[in-house]
Amino acid sequence: MADVKERKGDGKNKYSIIIPTYNERLNIALIVYLIFKHLRDVDFEIIVVDDGSPDGTQEIVKQLQHLYGEDRILLRARAKKLGLGTAYIHGLKHATGDFVVIMDADLSHHPKYLPSFIKKQLETNASIVTGTRYVKGGGVHGWNLMRKLTSRGANVLAQTLLWPGVSDLTGSFRLYKKSVLEDVISSCVSKGYVFQMEMIVRATRKGYHIEEVPITFVDRVFGTSKLGGSEIVEYLKGLVYLLLTT
Amino acid sequence: MKHIVKILSMVVGISTFWIGLLQAAIVPRSHTWLLPIYFVVSLGCYGLLMVGTGLMQFPTCPQEAVLLQQDIAEAKDFFKHKGVDVGSD
């Protein structure tokens, strides 16, 4: 009943897509094009939270605003790199949709899956729909054997310790009911990908209805960024933190 | 209830059962003493099995990289005459 009252007069849902960016001059244009391509009959807005990119990302966003309209593309920049969690909070403040999508700007998350997120949520009335790379229909491209091994090992460990209720804990391609995102994000304190884990674990603990859709993930960055010992230590520390505090 | 409390209660429950087995001596004591070790080892083996099978069945999608390149070309083409600068970075 409450859902019906919250909707706009024409009964359609509006989706706010928050995309944090840092030096994504080219990718931001590509991703905006693909979002418009795949969400033709959907009421949405794109909120770009740019952390003062030196490569001119904001200029490109302004060009996109000129093309698509400032009501469809919102630029809500910040002065410098301030972290992912706060980027979402910042974007949330300006979101006028009933639902919020979070996704990465580097095209590892493909907008073509957005309709399946929306459909799943409408079918199940879930509070959160999260993309999973680890089920049939999903997948990853661009990882070598070692990377897959660490990912799988990390996942098994997290499943055993935390019982998180989702198959992909560190994924950051998700659709939230706006009120649910606001509630969960206020209780999260971690940084980086542990933050993504904390979000979904806290949501599970709070009893929110979470559904998953398969997504494919094309990692174009992995070759350049290494998954070293310090990342593994951070991950283990994050697991213990979540084990003890959720 | 916090998750850690749930896990600790399970551990306490299993330990109580184990101590009970030791005292009742239904199963020969020498076997019972080794039960925790069997348990930990089986848990470890199970974990390794999950990692191994997961790794073998790891879903990959090489065709997605190709599709992505096509999408990128399509997008660049669209923007060329629309005042959005998509030259290479």
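Residues numbered from 1 in each chain as written. Chains lettered and ligands numbered in written order. Predicted model: local features only at pLDDT ≥ 70, side-chain atom pairs only at ≥ 80, totals over all residues. Heavy atoms only, no water.

Caption draft 1: Geometry of the environment of Thr96 of chain A. In this fold, Thr96 of chain A is placed in the loop between helix H4 (84–93) and strand S4 (99–102). Along the sequence, Thr96 of chain A and His109 of chain A sit 13 residues apart, while their C-alpha atoms lie 23 Å from each other. (Helix = DSSP H or I, 4+ residues; strand = E, 2+ residues; numbered from the N terminus.)

Caption draft 2: Molecular detail of the packing of aromatic side chains. Tallied over the full model, the rule gives 12 aromatic pairs over all chains. A ring pair is formed by Tyr134 of chain A and Phe58 of chain B, whose centres lie 5.7 Å apart and whose planes are at 70 degrees; its orientation type is edge-to-face. Of the two residues, Tyr134 of chain A is situated in the loop between strand S5 (128–132) and strand S6 (139–141) and Phe58 of chain B in the loop between helix H2 (29–56) and helix H3 (62–79); the pairing between them involves two chains. For Tyr134 of chain A, a relative accessible area of 18% corresponds to the buried category. One aromatic cluster is present, built from ring pairs that chain together Tyr134, Trp143 and Phe217 of chain A together with Phe58 of chain B. (Phe/Tyr/Trp six-rings, centres within 6.5 Å; stacked < 30°, edge-to-face > 60°. Buried < 20%, exposed > 50% of the residue type's maximum accessible area, 1.4 Å probe, protein only.)

Caption draft 3: Spatial organisation of the pairing of strand S7 (residues 174–177) of chain A. Residue and element names in this part refer to chain A. Residues Arg174 and Tyr176 of S7 are buried on one face, and the alternating residues Leu175 and Lys177, pointing to the opposite face, are buried as well. Pairing of S4 with S7 involves 4 bridges; the strand directions are antiparallel. For Ile102, the partnering residue across the bridge sits in S7 and is Arg174. Summarising the sheet, S5 and S7 pair through 3 bridges and their orientation is antiparallel. (Pairing = 2+ DSSP bridges.)

Caption draft 4: Layout of helix H8 (residues 192–205) of chain A. Residues and elements named next belong to chain A. With 14 residues, H8 should reach 20 Å at 1.5 Å per residue; the first-to-last C-alpha distance of 20 Å fits that figure. Across the 14 residues that make up H8, a large majority, 10, are buried. Those residues of H8 that sit buried are Val194, Phe195, Gln196, Met197, Glu198, Met199, Ile200, Val201, Arg202 and Ala203. Positive phi shows up at Gly207, right after H8, with a value of about 85 degrees. (Expected span 1.5 Å × (residues − 1).)

Caption draft 5: Structural view of the UniProt feature "transmembrane region" (unreviewed entry) in chain B. Residue and element names in this part refer to chain B. In the numbering adopted here, UniProt assigns the feature "transmembrane region" (unreviewed entry) to residues 7–27 and 33–51. Within the segment residues 7–27, helix and strand shares are 86% and 0% respectively, and the terminal C-alpha atoms sit 26 Å apart. Between the end C-alpha atoms of residues 33–51 the distance is 29 Å, and the span holds 100% helix and 0% strand. (UniProt positions renumbered as here; feature names shortened; annotations may be inferred.)

Caption draft 6: Here's a closer look at the sheet that holds strand S2 (residues 43–50) of chain A. Residues and elements named next belong to chain A. The mixed open sheet is built from 7 strands, whose spatial order is S3-S2-S1-S4-S7-S5-S8. Unpaired on one side and paired on the other, strand S3 (73–75) and strand S8 (210–214) mark the two borders of the sheet. In this sheet, neighbouring strand axes are inclined to one another by 20 degrees on average, regardless of whether the strands run parallel or antiparallel. Here helix H5 (residues 114–124) sits on the sheet and contacts strand S1 (14–21), S4, S5, S7 and S8; the angle it forms with S8, its principal contact strand, is near 145 degrees. Seen against the sheet, H8 touches S4, S5, S7 and S8 and runs at an angle of roughly 45 degrees to S7. (Axes fitted to C-alpha atoms, helices over the stretch in contact; angles between N-to-C directions. Contact = heavy atoms within 4.5 Å.)

Caption draft 7: Geometry of the interface of chain A and chain B. Facing 43 residues of chain A, the contacting portion of chain B comprises 34 residues. Buried surface at the junction of chain A and chain B, summed over both partners, amounts to about 3400 Å²; 72% is from carbon and sulfur atoms. On inspection of chain A and its partner chain B, the count reaches 3 salt bridges. For Asp71 of chain B, the salt bridge identified is with Lys37 of chain A, shortest N-O distance 4.0 Å. Along the contact surface separating chain A from chain B lie 11 residue pairs in polar contact (both at pLDDT 80 or more). Mapped by element, the contributors of at least two residues to the side of chain A that touches chain B are helix H2 (25–38), helix H3 (57–68), S6, helix H6 (145–162), strand S9 (216–218) and helix H9 (229–245) of chain A. (Buried area = accessible area lost by both parts, 1.4 Å probe. Salt bridge = Lys/Arg side-chain N within 4 Å of Asp/Glu carboxyl O. Polar contact = N/O pair within 3.5 Å; in protein donor to acceptor, adjacent residues only side chain to side chain.)

Caption draft 8: Quick peek at the pattern of salt bridges. Residue and element names in this part refer to chain A. Applying the stated rule across the entire model yields 12 salt bridges over all chains. In this structure, Arg78 and Asp51 form a salt bridge, with 2.9 Å as the shortest nitrogen-oxygen distance. Note that Arg78 is positioned in the loop between S3 and H4 and Asp51 in the loop between S2 and H3, a separation of 27 residues in sequence. Residue Arg78 is classed as buried on the basis of its relative accessible area, which comes to 10%.

Caption draft 9: Region of interest: the UniProt feature "domain: Glycosyltransferase 2-like" (unreviewed entry) in chain A. Those residues carrying the UniProt feature "domain: Glycosyltransferase 2-like" (unreviewed entry) are residues 16–184 of chain A in this numbering. This span, residues 16–184 of chain A, is 43% helix and 20% strand, and a straight line between its end C-alpha atoms measures 17 Å.

Caption draft 10: The packing of H6 of chain A against H9 of chain A, seen in detail. All names here are of chain A. It is the contact of H6 with H9, at a shortest axis distance of 10 Å, that shows an interaxial angle of 15 degrees. It follows from the interaxial angle that H6 and H9 lie roughly parallel. The two elements H6 and H9 cross, and the hand of that crossing is right-handed. In this structure, H6 uses Thr150, Ala154, Asn155, Leu157, Ala158, Leu161 and Leu162 to contact H9, whose residues at the interface are Ile232, Tyr235, Leu236, Leu239, Leu242 and Leu243. Split by residue class, the contact of H6 with H9 holds 11 nonpolar, 2 polar and no charged. (Parallel < 35°, antiparallel > 145°, perpendicular 65-115°, else oblique. Left-handed = near helix turned anticlockwise from the far one by under 90°. Nonpolar A, V, L, I, M, F, W, Y, C, P; charged D, E, K, R; others polar.)

Caption draft 11: Local environment of the nonpolar core. Ranked by size, the top nonpolar core spans 46 residues in total, and within it Ile17, Ile19, Ile28, Val32, Ile35 and Leu64 of chain A carry the most contacts. Of all the secondary structure elements, the ones that give two or more residues to this core are S1, H2, S2, H3, S3, S4 and H5 of chain A together with H3 of chain B. With 10 residues, the top contributor of residues to this core is H2 of chain A. Filtering out sequence-adjacent residues up to four positions away, Ile28 of chain A remains in contact with Ile19, Thr21, Val48, Thr57, Ile60, Val61 and Leu64 of chain A. (Core = buried A, V, L, I, M, F, W, Y, C linked by side-chain atoms within 4.5 Å.)

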